[in-house]
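Chain by chain, the residues run as shown.
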Amino acid sequence: MNAALIGTGMVADTHVLACRDSDKVALAGVCATSIASARRYADRLDAEYGLQVQAYDDVAAVADDPSVDFAIIATPPNARLDIVRALAEAGKPILMEKPLERNLAAATALVTLCEGRVPLGIVFQHRVREASIALLEKLPLLGPVQVVEITVPWWRDQSYYDAPGRGTYAQDGGGVLITQAIHTLDLALSLVGPVSSVQAFARTSASHEMEAEDFVSAGLEFANGAIGSLHASTASYPGGAEVITLHCAHASAVLGNGVLTLNWRDGRTEQVGARAATGGGADPMAFTHAWHQSIIEDFSEAVKHGRPPLVPGREALQVHALIDALTLSSKERKLIEVPHV
């Protein structure tokens with residue numbers, strides 16, 4: 001199937017390489033904020049990767065191209081509404097980088113635009129890692145989840161936030177929660193289920209000059225009765241791997257560094273997976289494109305066979321509801337119920 005990439009920023013090359021290495025999806029072309037930018041990017045792909053792709057004039061050209069089977073949107077979240085509307089009206093399926101939008105209301109609007117018109121999938125690539133899949137399969141054997149610990153001890157230096165719009169509410173919708181921790185939060189929700197209420201403390205540390213938060217600590221109550229904690233930061237030098245720990249009735253599962261460790265209550269220990277970086281240090285792109293490739297290929301198969309993608313747009317609203325609640329809890333300094341979506 002042929003995909004067109006809309007957006008040529010930091011994560012664009014990851015999608016390019018994922019398509020290059022796929023035998024199911026080919027990159028047909030790229031679209032940027034201007035035709036000149038798209039041509040420069042297409043020329044670089046030819047020079048660096050030997051890929052010859054079309055430079056589209058604008059989103060309308062992508063929407064009108066019958067050879068494009070679906071579009072990948074990798075723009076900042078504040079630039080998506082008009083793009084999604086144009087693609088949806090043209091019947092073009094959409095695979096979108098996280099986050100959907102800057103807040104739950106705006107994200108819901110995008111999902112509503114697509115429902116009944118086109119498939120909408122979201123790139124939450126941590127779900128397709130070997131250890132994540134293994135934990136999902138093992139969960140029924142572990143017994144009810146009782147305690148959840150989520151830590152995202154990442155680092156970004158100031159130059160990262162010096163980029164125009166980064167870490168602002170107007171462009172990104174927030175800081176560490178919606179830009180970095182969203183992956184780990186989504187994965188936790190996919191394993192444990194929705195969070196029902198939160199009490200959070202979110203602040204900007206002295207490590208950064210930025211508008212939004214770079215540090216969050218919170219207590220979580222899950223709908224299934226489990227309780228938990230969240231620590232997320234981009235001020236944790238030099239940066240470490242995010243970790244999800246599930247303390248269950250029969251075992252504790254530790255998911256981190258690409259490895260699942262199961263510590264059974266009877267003394268047994270199991271490990272699945274291999275260590276892998278996820279961009280938690282100074283280089284935000286220090287991760288493999290193989291996970292994006294899995295997401296893109298899954299979406300292409302979903303479109304081809306008329307089934308839902310791995311992460312449908314409406315399912316991804318759960319993590320936006322959680323992030324909105326965490327932000328509001330910190331602002332109002334009280335326990336907040338997470339809206340049902």
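Preceding this section is the structure that the text describes.
Along each chain, residue indices are assigned from 1 in the same order as the chain's sequence is written. Where local features are concerned, this predicted model is filtered to residues with pLDDT of at least 70; where side-chain atom pairs are given and counted, the filter is 80 or more; whole-chain, interface and lining totals use all residues. Think of the side-chain values as coming from all heavy atoms in the structure, minus any hydrogens and water.

**Thoughts on the sheet that holds strand 11 (residues 243–248)**
Here's step 1: Strand pairing follows a simple DSSP-based rule, namely that at least 2 bridges must link the two strands. In this description a helix means any DSSP run of H or I spanning at least four residues, a strand means any run of E spanning at least two, and both kinds are numbered starting from the N terminus. Spatial strand order, 14-13-12-11-7-10-9-8-15: 9 strands in an open sheet with mixed pairing. The two strands at the open ends of the sheet, each matched to only one other strand, are strand 14 (269–273) and strand 15 (336–337).
Here's step 2: Bridge count between strand 8 (residues 195–203) and strand 15: 2 bridges; the pairing is antiparallel. Of the residues in strand 15, the one forming a bridge with Ser197 is Glu337.
Here's step 3: Working rule for contacts: check all heavy atoms of both residues, and any pair within 4.5 Å makes them a contact. Helix axes are fitted only over the stretch in contact, all axes being lines through C-alpha atoms; the angle between N-to-C directions runs from 0 to 180 degrees. Each of strand 7 (145–153), strand 11, strand 12 (251–256), strand 13 (259–264) and strand 14 is contacted by helix 6 (residues 130–142), which is oriented at about 20° to strand 13, the strand it contacts most.
Here's step 4: On the sheet, helix 8 (residues 176–192) packs against strand 7, strand 8, strand 9 (215–222), strand 10 (227–233), strand 11 and strand 12 and is oriented at approximately 155° with respect to strand 7.

**Some points on the packing of aromatic side chains**
Here's step 1: A pair of Phe, Tyr and Trp rings is counted when the ring centres sit within 6.5 Å of each other, with Trp represented by its six-membered ring. The angle between the planes then sorts it: under 30 degrees is stacked, over 60 is edge-to-face, the rest tilted. Throughout the structure, instances matching the rule amount to 4 aromatic pairs.
Here's step 2: Aromatic side chains Trp155 and Tyr237 sit 5.2 Å apart centroid to centroid with 85° between the ring planes, which places their arrangement in the edge-to-face category. Taken as a pair, Trp155 in the loop between strand 7 and helix 7 (158–161) and Tyr237 in the loop between strand 10 and strand 11 lie far apart in primary sequence, 82 residues in all.
Here's step 3: Centroid distance Tyr160 to Tyr161: 4.9 Å. Interplanar angle 90°. Geometry classified as edge-to-face.
Here's step 4: A 1.4 Å probe rolled over the protein chains alone gives each residue an accessible area, and that area as a share of the maximum for its type sets the label: buried under 20%, exposed over 50%, partly exposed in between. The exposure class assigned to Tyr160 is buried, which follows from its relative accessible area of 11%.
Here's step 5: Using a relative accessible area of 7% as the deciding quantity, one classes Tyr161 as buried.
Here's step 6: We note Arg156 situated over the ring of Tyr160; from NZ or CZ to the ring centre the distance is 5.2 Å.
Here's step 7: Directly above the ring of Trp264 sits Arg268, whose terminal nitrogen or CZ lies 4.6 Å from the centroid. The rule for a charge over a ring is simple: NZ of Lys or CZ of Arg within 6 Å of the ring centre, and within 35 degrees of the ring normal.

Everything listed here is a matter of geometry and, on its own, says nothing about what the molecule does.
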